[in-house]
Structure formats: C-alpha cells, structure tokens
Amino acid sequence: MTSKISYIKLIREDIRRRGWLAALTGIILFLLMPVYSLLWLDSFLRSVSDYALHPEMFQEQLFTSVPGLISGYMSSFLPVTIFCLAVLSALSGFSFLHSRERLDFFHAFPVKRSQWFSVTCAASFIMFFVPYAVCSALVAAAAASRGVMSAVLAAKCAAAFGDGLLAWLMIFLACVLAVMLTGRTITALLASLAVAVYPFLVMSLFTALKSTFFETFYLSSESITDQLAIYLSPFAVFTALTSSGAQSGLIAARITAAVICAVLLAASFLLYRFYPSEAAGNALSFPATAAVFKVLICIPVSLFFSLMIQNFTGVSGTSWTIGLSMLIVVILCAIIEFIYQQDLRLLLKGWRSSLISIAGTALILIFLQFDLAGYDTWRPAADRVDSISFRPDSFLSYFPYQDTDADNSSPLLYAVFTDDIDPLYQLALSGIENLESGISPQTLYQSPDDSETAENYINAVFCYRMNSGRTVLRQYCIDYTQAQDTLAHLCEDETYRRSLFPIFQTDRDSIHSIAVTDVYGTEQPLHLTKEQQNGLLDAYEKDILSADIQEMDSQTPLGQLTLYRPDRSIAYTTEAVSVDSRSGSGASDTADLISTTGFYIYPDYVHTLDYLKECGYVPRTEIAPGDVESIDLYLSAESVQSGKYDDLLSGFTDSAEYYRTYEDIIEQQITVTAQEDIAEVLEHITPYRSFILKPYAGAPDCAVVNYKTGGGYCEFRLE
Amino acid sequence: MIELKNVSKNFKGIQAAEHITAAIREGMIFGLIGSNGAGKSTLLRMICGVIRPDEGDVLVDGDPVFENAAAKSRICFLSDAPYAFANADVRQMRDYYSIVYPAFDRKLFDSLIRRFSLDPRRKVNSFSKGMKKQVSVLLGLCSGTKYLLCDETFDGLDPVVRQAVKGLFAGELMNRDFTPVISSHNLRELEDICDCIGLLHQGKLLLTQDLDQARSSICKLQCVFPDVHCEQELLRKLRVLKLERSGSLLTLTVRGAQEEVLRLAEAQNPLFAEALPLTLEEIFISETEVAGYDIKDFLY
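The residue numbers shown here count from 1 along each chain, following its written sequence. Numbering of ligands from 1 and lettering of chains from A proceed in the order in which they are written. In keeping with the predicted nature of the model, local features appear solely for residues at pLDDT of at least 70, side-chain atom pairs appear and are counted solely at 80 or more, and the whole-chain, interface and lining totals rest on all residues. The side-chain values count all of the structure's non-hydrogen atoms but skip hydrogen atoms and water molecules.

### Focus on the confidence of the model for chain B
Any residue range with low pLDDT should be treated as having predicted coordinates unsuitable for detailed reading. Just so we agree on the cut-off: Per-residue confidence from the predictor is reported as pLDDT, which spans 0 to 100.
Confidence along chain B averages 87 in pLDDT terms, with 96% of residues attaining 70 or more. The complex prediction reports pTM at 0.77, with the ipTM value standing at 0.87.

Here it is, written out as structure tokens:
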C-alpha cells in the first residue's frame, strides 16, 4: 500500500542516488560563498582603514554587501551557479520521464505520481537547501568574525538567504514545468529557457514594437507591459532577487516570486498527473500542443530577434524589421519542426502551423506598419481629458531636479499638469498635424543642427491624464514659437510656475551650502549663514516668479547657483564627488556632498544679484586675459576642413602649439599661451548653457580655459 | 485475476492494442506470445499501470490499476530492458525494492543471489545483459507481489539459468499466491513453462488457450487407406483443420483427443494409422489459420 512506502525513505534514496548533485552543490557554494566572503571582507576592511574608528560610516554599504554575498549581488558567479544548480536539479530529478526504461522502472512501482513528484521536489530542495543554508551561515560567521555583524545585518542576511532560495526554487520549478511539457532532455532545456524568459520577451515586445513603428510613442518606464515583463518572467524576477542585497524594494519581487513558484508548482503537478508515459523520447509530451507552441514561439521570437539584430547592428527602419522578422519566422518554423520531427525531410509536416506563424507575424507587421489602430494620430476627446502636461526635451537639461538620487528615470519627472487644457491640447493637435505633414520627432532628431527644422521645431512629450485616471503619453514635434507662447501663457499661473521650477520644491533644510558660478565657469563657494542662504533663495524665487519666459529663453545667464546637500548614499565612501564635470576647481571642500546645478542667474534677476552684492559677491561678466594661463582649443575635423576658424587661427602668434589628434571627432588641438592670442580666443567663446525650450545644440568645437590662480579650468563653447 | 476489458491503445496512429478482452487467472503461468511490435510490451505496461489505455479497463483483482498504488502493489513489472541506478550494486537495488515493495524477501534474495553466483557488491550496470536479467528476475521474484509481469525476460538467459528460473517460478507457485505473466516472441521459450498462452498479433489478441486443453483437443493423424471410400468416410467423421497428402500418405490436423482420433481411424481399416501430438507451434499455426490469420511468418 502507498501508505506503507515512506516518503522519507524515498527522499533519502533519491538523495543517495543523486549524491553527485549534492556534492557538487556543496563544493561550488562553499567556494563561492564563505571562501569568497572571507576574501572580500579582508579586502574591504583593508581598503577602508578607518573602519574600526567609524564603523557606522560603512554600515550602509555592509547592509547591502554582506547579504549580497549570500544572495549573489556581490558576485556574478553565484547567481549563475544558483541558476545552473536549479536546472541541474530539475533535469536530474525528473529526467526519468524522458527515458522509457527509467519511466517504466519508476512508474511500475506502487507509488502514485503525486508521491513521486513530492519526493523528487523535496529531495532536490533539500540537496540545495542544506548546503546553501550552511554556506550562508558560514558567510554570516565570517562577517561576525571580522566584527561587522549586527542584529539588523543578521536579519538582512536571513532575508538574502530567503531570496536566494526563492530564486533557486523559481528556476527549478520553471525547469520542472518544461520537463513535464517535453519528452526529451534537449527539448526540456529549450523549454526551460522559454518558460523562464517567454513572458519577458512577449511583454517587452509591446514597447519595442511601438517604439519602432510609431512616431509619437514615448518610452515610459511606468508602462504596464514593461512592469509585467519584469514581474511575469521567472528569469527577470530571478535577476531581481539575486542582484540585490536584501533591500526593502525587493518585497514586490519576493511576492511575485512566491506567486510564480505557486503557479509553476501547480502547473507542473497537474501536468505530471496527466503526463503520458509514451511521451518519453518525443519532443513534446502532449503532441496536440505542438502546433500551438510553435505559433506561440515563432511569432514573438521572430519579432524580438529582428529588433535585437537591428539593435546590435545599428540598422534602423521598419522595412528592415519587416524583412528580418519574416526571414526569422521562416527559419524558426523550420527549426521547431526539425526539433519535433528530427528529420529534415519532414520540415513541412506541420505546414499549417508554419503558415499560421508566418501569416500571424505578417499581420502584426502590417497592422503596425500602416498604423491601422491610428496610434500616431490618436487624440483624446477634450471632454475626457482631466489635465495635460508637456515636457519639451530641453527641460531635461535645463531644469535641475533636486532629488537626483530619486527615481529620475520617470518620464513624468517634469510633468507639471494643468487643468487649463486648451493651450496644451491645441499644441498637441498641432503636433499631430506636423506629423501628418511629415514633421515627426524622429525627423527632428535626425535633422542637422543648422537645418530649418531644427531651428523652428522642438520635440515635446505630452501626458494626458484622462478622467478615468489613466495617463497616456505621446511625443510630438511642435513649433518652437507656439511652444514658447504656450509655456509663457501657462507660467502666468503662479501655481504652474512654482511647480515647474525646481527651486520651489527644494528642501531648504537639507541644503548644506551654496556656490555661485560666473562667466569664468569656476565655482566660488558662498560662505553664508542659514539665514543668508534662505534670503538668497527667497530673492531667487522672487526673480523666477516675475521673470519673462521668452526673455529667459533668449538671454545669456550671468552665472548660476549650485546647491550642495549631503549625499546619504555615499556616506561610506572615502572619495569626494566631483560636483561639476566641466569645472576643475572649487569642489575640494564638498566631499560627501551632492550638487544640484543649473539655477541660472539672468541679467534681470535683480533681487538675486542685489542679494549677492549684499553678501559681498558680484558676478564677473568678462574673463580678464590676465587671469588666463593658457587656452586649449579642440577643433573638429569638419571645422578644420571648412576653414571656419581660419581667421582666428591666422591671427595667432608663433607661440601657439598645434597638435594633430587621431580621435574620431577632434582632429586638431591648439594651445595658446600668448596674452594677445588668449584675448582673441576669449572673444570667440561662450559658456555652455541650456535653454528652457530650445534644445541645446552641442558644438563639437570647444575651448578649455586654464586659469592662473588655483589651477582651475573651464570648458567653453567655441564659436 | 487480471481482467482486460476492451482495452485499446494507439501510439501516433499505430494501434498497439485493439479492443483486447481477456482474463489472466490466478495461480497459473500466463504466456503472452507475439512477434515484434505485436503489442506485448504495451499490454504489459497497461496491466502494470505504466500507461493508461485510450479506452477500456484494466482491472487487477477488480481494481483499476492506473494510478492506483494499492492495485499496483500486487504487481511487479520487469521491463525488457532492465534498469538499474547508475553506480548501484545488487544490494542497493535490493534495498530500493524493499522500500517500494514492503513484502520484499531480502533473505530469499540474498540466498538466490548466492545460488546464481552473482556478486552482490558488483555494480549492476557492469553485468552482462543476461546477468542483468537474472538480477531483474530475482528482484521481481522476491518482491512478494502476487503478479509478476516479465517482458521478454527469458530472452537472453542461458538454458541453465532459464531452467533454474522456471524452477523458481514453479516453487513460488507452490508456496504462495503467485501468477507470473511472461511475454516472448519465441513460442518454444514458453511452451514448457506456461499453463496458458495468449497470442497477440498486430495489437489484437487472436486467442487465449489453456495449453493442456489445447494439446488434448488437437492432434495430427497420419494414415494410409486401401481405398478412397474409407478415406472419405473417416474425413466425414473427423473435424479436420488441415489436410496434406503425400502419395498415399494422408496427414491430417484434426480436433479431438489423440485416442479418440486413432480409434476412428482404425475403424476404417487403414493400412497404416498413427496419431501424434502437435507441438505448441503447430497447434498455434493451425488455430490461427482457422481464425483466418497466417502467422507462420512470425513464429520461430
């Protein structure tokens, strides 16, 4: 009777039979966990000599790193190992289903399939759990032996252990499901891959295809399909679990992993109950599903690979997508049919499913190519729109966003919604009209900087917030002047203006210090009391509230303010953060601080300028040649060949040094040191700056001014 | 009793078993004969619950067998390709069988292993094909199950071992409730061991017959008569299955007991008359020919 056959004895026998797997697991995990941890800890503690004095400074890093030694975050080998062990466990445990002799042997015994399933899963789990638990404990012990263990860290290590276990379980069950769907080990491996990545592949296609075929599509990290791509795919969740150090943000991944495990377990169990013993040796265990699987695999995979090939080769254009997709779908049909039949002469046996796959792919491509759903020309009914925001590309470079360590990848970062929808609605409609007349965002991106299109149009993302709460994003190419007028109109509303300019969202309490940059381009710290800081920011806000948007977009700023805040995320590092990539001075006392630059000071910002004057600082408006040690000019090949700077260069004295470079863009470097040459060059340079609406036109030619005092330097645009 | 009720199984369009209805009674050795691909293994795999019939029922002592551990605990199936775990020696296989078959007789197994001169410490996969089959048979025999299904198990055993195994089967039949079912493509392998034979051909069970009854109900008569009248008179009285003439010698395959057939022949005053028993092979050829099948080509 079944009850007389002990589960424990069967599990023990299974472990004994697959003892090689247990041994392999133990050895590899031992090397990758406790041994690697000791090496890492010793290396880490040696590199941070003041750990003993200020252990709290390193707490944050250790809270991530030590659990990462368990979950795999700190070593890319560990996640790969966990993945491979899970696959090995599943295949070795259930591969008897793919061999008639072994299947007859096991299934003839008076043991129900449910018991075999439980026994094999339990034995596989134990063979991973025990060595992994022991090695995790040894990692924790290693950390404790180096004096870096605490109750909180121990809890995080336990959580990381759970993450690793969950990650293994998910891949194991995905492989078990694949084994149940197939009759051969090689097809089981392919099916494992499919089960692990298929949801990711299909879901990510939604975004990728829209991005390829639709001009107005704007990639949003918040799209449902992208989220589903991550949370439906075992492989993506596995990556999330093993590539973090037991952080709190993993809760969603953990819950998803648990749900995926439950679904995979139930599906595998059910399939095993119905698994036909005669399937051993066949490609699929349920031959009736062959055509369905073929269609389900061929259509998305062909589209995915087509896009991937284009991505790798840099080839763009929907005609390539269509051509490659059709070619790949034909090849895939042949490959899958070969896997099914194992006979080249029978490649056309499943011609119906091949035809459906090819036709399905073609239909999708036709649907997208001719925009049969009207995606690009979609406009919401005005009465269904609750509010609209628009964000020209220039906002990204113009507006400094205070919380730089927040999620600044969100496309809605600068989305300031207004319920005064008419101006923006009309602007969006003009974008659709432009698109219909051939002026699209892509056209603008590909236009030369000095083209008429580039000068008269800008790209902007519109976000419609519908009455239902749904948000819809579209990117249009719109007329610059019309956009400027619209923004000026919107900024007449103080609430909108306050929402748009980040200075109004700045947490003043968090500001450590303020620096100012003038035309020299080098920062000068302002030694202000907290009250003075607030006074300066009050004055700055007052200027912004009264500023003319059109003026702001045409004037050259006198300088800019830089706000410094403590950077909690790098509290443990010993290196200072460079606060201005273009400036080589003025940041020596800003270690462990992060800066937010781009608070431009325009000539009509009288309140700000007056306050700075009160504080003893008057921004300089011209660079005195006497302050400059030398200037390095970097000229592009195009400029050299066009003779754009011939007049300038011909006036240089003999002291100018010429170098020929062999970089891709810069062809010639010239260093001038003579005062008359420096004065001449200073006439031709302007500071780099961003415009509120005009996209910044990057110039390939630049000049690096090296100052005499302080060894500072600054890069300018050469004109 | 094992009952097969209208059992059918189809593999990728090939009818491996077609509407088979039969009963295997307890306490006798049942032989399943058929050529390669006749469906013997499929039938045994259905009986032991490895594969599920497409239609029909397989009952073991009245219980359906598929996914029924209680019913399967009464059956031990020895596949035509015995499987042993990688690196497992004879003792480890014994231990495993003793887990899944609680009635496994370890003492008997150990003694039989010694008797068959098999090294219990040797890895099973290092044994020859015949030795693996010996281990497989001994494991099955000692599992203590009521039914032992042997799929081509005797093929590959040398004559001495085969005789020894037959002896063991006979002993088990005497000692306990034991019903072996043995399949083979070689009729001669089975004729001296089986009590009952089932003949499978192209997925169909052509007949099942008790061997003693078959032997006693059919015989071969060779006779020479002085005139045609006597000969015709005899042919009218006999149930002739087959008639062959070689000169004046008449060879008849007839239904009926040997003595009765000879008595009827002698009543016609033949010049010569002799009744001979048929070999099992001849019986089956005759029976199947009567049923409309020509099975000479697949009987060895």
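From this point, the narrative continues.
### A look at unusual backbone geometry
Keep this limit in mind: In DSSP terms, a helix is any run of H or I states spanning at least four residues, a strand is any run of E spanning at least two, and both are numbered starting from the N terminus.
Positive phi outside glycine occurs at Ser117(B), with the angle close to 55 degrees. Residue position: Ser117(B) is located in the loop between helix H4 (106-115) and helix H5 (129-142).

### Focus on the domain arrangement of chain B
Residues and elements named next belong to chain B. As a reminder, the rule being used: Each domain's extent was defined by an automatic or database domain assignment. Two parts placed together each lose some accessible area under a 1.4 Å probe, and the buried area is that loss summed for both. We count a salt bridge whenever a side-chain nitrogen from Lys or Arg sits within 4 Å of a carboxyl oxygen from Asp or Glu. Whenever a nitrogen or oxygen atom comes within 3.5 Å of another N or O atom, the pair is scored as a polar contact, on the condition that within protein one atom can donate a hydrogen and the other can accept it, and that pairs from neighbouring residues in sequence are kept only if both atoms are in side chains. In this classification, Asp, Glu, Lys and Arg are treated as charged, Ala, Val, Leu, Ile, Met, Phe, Trp, Tyr, Cys and Pro as nonpolar, and every other residue, Gly included, as polar.
For chain B, the assigned domains are domain 1 (2-213) and domain 2 (217-298). With both sides pooled, the region where domain 1 packs onto domain 2 buries about 1,200 Å², and carbon together with sulfur makes up 71% of that total. Summed over the shared surface of domain 1 and domain 2, the number is zero salt bridges. Put simply, domain 1 and domain 2 have one residue pair in polar contact (both at pLDDT 80 or more) between them. At the level of secondary structure, the elements contributing two or more residues to the side of domain 1 that touches domain 2 comprise helix H7 (187-191), strand S9 (196-201), strand S10 (204-210) and helix H8 (211-217). Among the elements that line the side of domain 1 that touches domain 2, the one with the most residues is S10, at four residues. Classifying every residue of the side of domain 1 that touches domain 2 gives six nonpolar, five polar and three charged.

### A few points about the sheet that holds strand S14 (residues 272-277) of chain B
All names here are of chain B. The cut-off we apply is this: Any two strands with at least two DSSP-identified bridges between them are counted as paired. Lines are fitted to the C-alpha atoms to define the axes, a helix being fitted only along its stretch in contact, and any angle between axes, read from their N-to-C directions, falls within 0 to 180 degrees. Only heavy atoms enter the contact rule, under which two residues are in contact if any of them lie within 4.5 Å.
Judged by pairing direction, the sheet is antiparallel, and its four strands sit side by side in the order S12-S13-S11-S14 without closing on themselves. A strand with exactly one partner marks an edge of an open sheet, and here the two such strands are strand S12 (239-246) and S14. Taking the axes of each pair of neighbouring strands and ignoring which way they run, one obtains an average angle of 20 degrees across the sheet. Along the sheet, helix H9 (residues 228-237) contacts strand S11 (218-224), S12 and strand S13 (249-255); its crossing angle with S12, the most-contacted strand, is approximately 150 degrees. Its contacts with the sheet put helix H10 (residues 258-266) on S11, S13 and S14, and the angle it makes with S14 is roughly 170 degrees.

### Things to note about the pairing of S9(B)
Residue and element names in this part refer to chain B. For the record, the criterion: Each residue is assigned to one of three classes by its accessible area relative to the maximum for its type, calculated with a 1.4 Å probe on protein chains only: buried under 20%, partly exposed between the two thresholds, exposed over 50%.
Across the six residues of S9, six count as buried, placing the element largely inside the fold. Covered by surrounding structure in S9 are Cys196, Gly198 and Leu200 together with Ile197, Leu199 and His201, the residues of both alternating faces. Of the strand pairs in this sheet, S9 and S10 are connected by six bridges, and their pairing is antiparallel. Residue pairing across strands places cysteine 196 opposite aspartate 210, the latter belonging to S10.

### A word on the packing of helix H10 (residues 234-242) of chain A against helix H11 (residues 251-274) of chain A
Residue and element names in this part refer to chain A. Inclusion rule: Orientation is classified from the angle alone, with under 35 degrees giving roughly parallel, over 145 giving roughly antiparallel, 65 to 115 giving roughly perpendicular, and any other angle giving oblique. Left-handed describes a crossing whose near helix is turned anticlockwise from the far helix by less than a right angle; the clockwise case is right-handed.
One way to put it is that H10 packs onto H11 with a least axis distance of 10 Å and a crossing angle of 140 degrees. The orientation of H10 with respect to H11, classified from their angle, is oblique. Between H10 and H11 the crossing geometry is left-handed. Of the residues in H11, those touching H10 at Pro234, Val237, Ala240 and Leu241 are Ala253, Arg254, Thr256, Ala257 and Ile260. Grouping the constituent residues of the contact of H10 with H11 by class yields seven nonpolar, one polar and one charged.

### So, a negative patch on the surface
Inclusion rule: Like-charged residues are merged into a patch within 9 Å and nonpolar side chains (Val, Leu, Ile, Met, Phe, Trp, Tyr) within 5 Å, provided each residue has over 30% relative accessible area and no salt bridge. For accessible areas, the Shrake-Rupley method is used with a probe of radius 1.4 Å. Any residue's cover is judged against the shown protein chains and nothing else. A positive count includes Lys and Arg, and a negative count includes Asp and Glu. His and the chain ends are not counted in either. To locate a charge, the coordinates of NZ of Lys, CZ of Arg, CG of Asp or CD of Glu are taken.
Together, Asp386(A), Asp419(A), Asp420(A), Asp422(A) and Asp493(A) line one region of the surface with negative charge. Residue class for Asp419(A) comes out exposed when judged on its relative accessible area of 65%.

### Structural notes on the sheet that holds strand S5 (residues 523-526) of chain A
All names here are of chain A. Strands sit in the order S5-S4-S6-S7 across an open sheet of four strands; the sheet is antiparallel. Where the open sheet ends on each side, the last strands, each with one partner, are S5 and strand S7 (593-601). Direction aside, neighbouring strands of the sheet carry axes that sit 30 degrees apart on average. Alignment of strand S6 (residues 559-566) against S7, held across seven bridges, turns out to be antiparallel. Pairing of tyrosine 564 across the sheet is with serine 595, part of S7. Each of strand S4 (513-517), S5, S6 and S7 touches helix H21 (residues 530-546); the most contacted strand, S4, lies at about 50 degrees to it.

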